[in-house]
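Listed here are the chains, written in short residue letters.
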Amino acid sequence: MTNLVEKYREVKKRAGKVTALTAYDYPTARLLDESGIDIILVGDSLGMVVLGYEDTTQVTLEEMLHHTRAVARGVKSAIHTFETPAQAVATAKQFIDAGAQAVKLEGGVSHVAHIEAITDAGIPYMAHIGMLPQHVREQGGYKVKGKTQSEAEGLIADAKAVEKAGAFSVVLEIVVPEIAKQITNAISIPTIGIGSGEQCDGQILVTHDLIGLFPWFTPKFVSPEARVADEIRKATRAFIERTGGASAVSKQSKV
């Protein structure tokens with residue numbers, strides 16, 4: 001774990017940008033890995049974009065382990081982590097045994113004891129502060145964090161706490177860009193932003209958002225680089241037409 005912490009501190013010193021995307025299956029993970037992504041995150045976002053849940057809080061430990069194993073089979077070089085509720089070392093070890101090379105846990109000051117237990121066990125740990133998907137219902141939805149002085153001070157305290165506890169990096173989700181910049185300048189480990197401006201040391205996105213594979217909802221801070229959902233629809237309709245499927249016959253009968 002020490003080497004990983006040192007590696008990412010060096011990345012920050014060199015002003016290099018860390019790149020991270022999500023994956024939930026073998027082919028996606030392999031394609032991202034072969035493309036040179038730094039970090040592959042098996043996030044609880046799979047609950048919404050893959051499993052069809054209303055939000056991320058319904059994802060189970062068993063589902064996370066299942067998808068972690070699939071991703072691990074496709075990854076050779078990137079670090080793959082995950083999104084889980086507060087957990088003990090025993091749970092973190094289950095993900096390492098499933099093929100993960102690091103774990104990610106939401107929370108800052110309030111979770112220092114858990115973080116220290118994980119890092120003391122030699123398990124690489126990525127922090128996550130700001131908007132916390134596992135607490136989205138408690139927080140009243142996906143809201144920008146750091147708007148008030150007390151929130152901003154709390155976020156800075158969280159960042160310093162997770163750094164001290166041994167995190168090798170910290171995700172800042174939907175944090176006011178100016179506060180994200182202050183956090184980035186205040187700690188020696190990389191900040192990886194999602195909807196938190198461009199001043200972070202790196203960026204992460206849900207792959208489905210990046211490629212337009214979940215068209216029913218696209219976060220305001222995302223500009224899709226592709227429209228895969230449209231292509232899937234187009235290909236499916238072409239297949240139906242080519243094979244004379246029922247919907248194609250029905251369409252012809254109406255003409």
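So, here is what we can say about the structure in this document. Since the model is a prediction, treat every value here as computed from it, not as a measurement.

From N to C terminus, the chain includes 11 helices and 8 strands. In the chain, which comprises 255 residues, the share counted as buried stands at 49%. The long-range share in the chain, meaning contacts at least 24 apart out of those at least 6 apart in sequence, stands at 52%. Accessible area for the chain stands at about 12,700 Å²; split by element, carbon and sulfur atoms hold 54% of it.

Throughout the structure, instances matching the rule amount to 2 aromatic pairs. Ring geometry for Y8 versus F168: centroids 5.2 Å apart, planes at 45°, classification tilted. Of the two residues, Y8 is situated in helix α1 (residues 2-13) and F168 in the loop between α7 (149-165) and β6 (169-173); the sequence distance between them amounts to 160 residues.

Okay, the packing of α7 against helix α8 (residues 177-186) next. Relative to each other, α7 and α8 sit at 30°, their axes nearing to 10 Å. Put simply, α7 runs roughly parallel to α8. Where α7 crosses over α8, the two elements pack in a sense that is right-handed. Each of A152, L155, I156, A159 and K160 in α7 lies in contact with α8, whose residues at this interface are I179, Q182, I183 and A186. Residues that form the contact of α7 with α8 fall into these classes: 7 nonpolar, 1 polar and 1 charged.

Before going further, it helps to spend a moment on the side chain of E173. The residue E173 is located in strand β6 in this model. No salt bridge is formed by the buried E173, whose closest oppositely charged neighbour, K104, lies at an N-O distance of 6.2 Å. Ignoring anything within four residues of it in the chain, the contact list for E173 reads H128, I129, G130, M131, P133, I194 and S196.

The next subject is α7. Here α7 spans 24 Å end to end across 17 residues, near enough to the 24 Å set by a 1.5 Å rise per residue. All of the buried residues in α7 are A152, L155, I156, D158, A159, A161, V162, E163 and A165. Downstream of α7 by a residue or two, G166 has a phi angle that is positive, lying close to 115°.

Let us now look at the environment of D55. In this structure, D55 sits in the loop between α3 (46-49) and α4 (61-74). By relative accessible area, which is 7% here, D55 ends up buried. Through-space distance from the C-alpha of D55 to that of P133 is 8.0 Å; in sequence the pair is 78 residues apart. Once you skip the residues sitting within four places of it in the chain, D55 turns out to touch M48, V136, R137 and Y142. A polar contact is formed between the side chain of D55 and the side chain of T57, at a distance of 2.6 Å.

The rules behind these values
The residue count restarts for each chain, going from 1 along the sequence in the order it is written. Only residues with pLDDT of 70 or above have their local features reported here, since the model is predicted, and side-chain atom pairs are shown and tallied only from 80 upward, although totals for entire chains, interfaces and linings are computed over all residues. Excluding hydrogens and water, the side-chain values take into account all heavy atoms of the structure. Secondary structure elements are defined from DSSP: runs of H or I of at least 4 residues count as helices, runs of E of at least 2 residues count as strands, and each element is numbered from the N terminus. Only protein chains enter the calculation, and the probe is 1.4 Å; a residue is then buried if its accessible area is under 20% of its type maximum, exposed if over 50%, and partly exposed in between. A contact between two residues is defined here by any heavy atoms of the two lying within 4.5 Å. Surface accessibility follows the Shrake-Rupley procedure with a 1.4 Å probe radius. Residue values consider only the protein chains on display as shielding. Ring pairs shown here join Phe, Tyr and Trp side chains whose ring centres sit within 6.5 Å, with only the six-membered ring taken for Trp; geometry is labelled stacked below 30 degrees between planes, edge-to-face above 60, and tilted in between. To get an axis, fit a line to the C-alpha atoms, keeping to the stretch in contact for a helix; angles then go from 0 to 180 degrees between the N-to-C directions. For classification purposes, an angle smaller than 35 degrees is called roughly parallel, one larger than 145 roughly antiparallel, one from 65 to 115 roughly perpendicular, and anything else oblique. Note on convention: the crossing is left-handed when the near helix lies turned anticlockwise from the far helix by less than a right angle, right-handed when the turn is clockwise. Ten residues, namely Ala, Val, Leu, Ile, Met, Phe, Trp, Tyr, Cys and Pro, are considered nonpolar, four, namely Asp, Glu, Lys and Arg, are considered charged, and the remaining ones, Gly among them, are considered polar. A residue counts as positive if it is Lys or Arg and as negative if it is Asp or Glu; His and the chain ends are not included. One speaks of a salt bridge when a side-chain nitrogen belonging to Lys or Arg is within 4 Å of a carboxyl oxygen belonging to Asp or Glu. Given a helix with a known number of residues, its expected span is that number minus one, times 1.5 Å. For this analysis, a polar contact is any N or O atom pair within 3.5 Å, provided that within protein one partner can donate a hydrogen and the other can accept it, and provided that sequence-adjacent residues contribute only side-chain to side-chain pairs.

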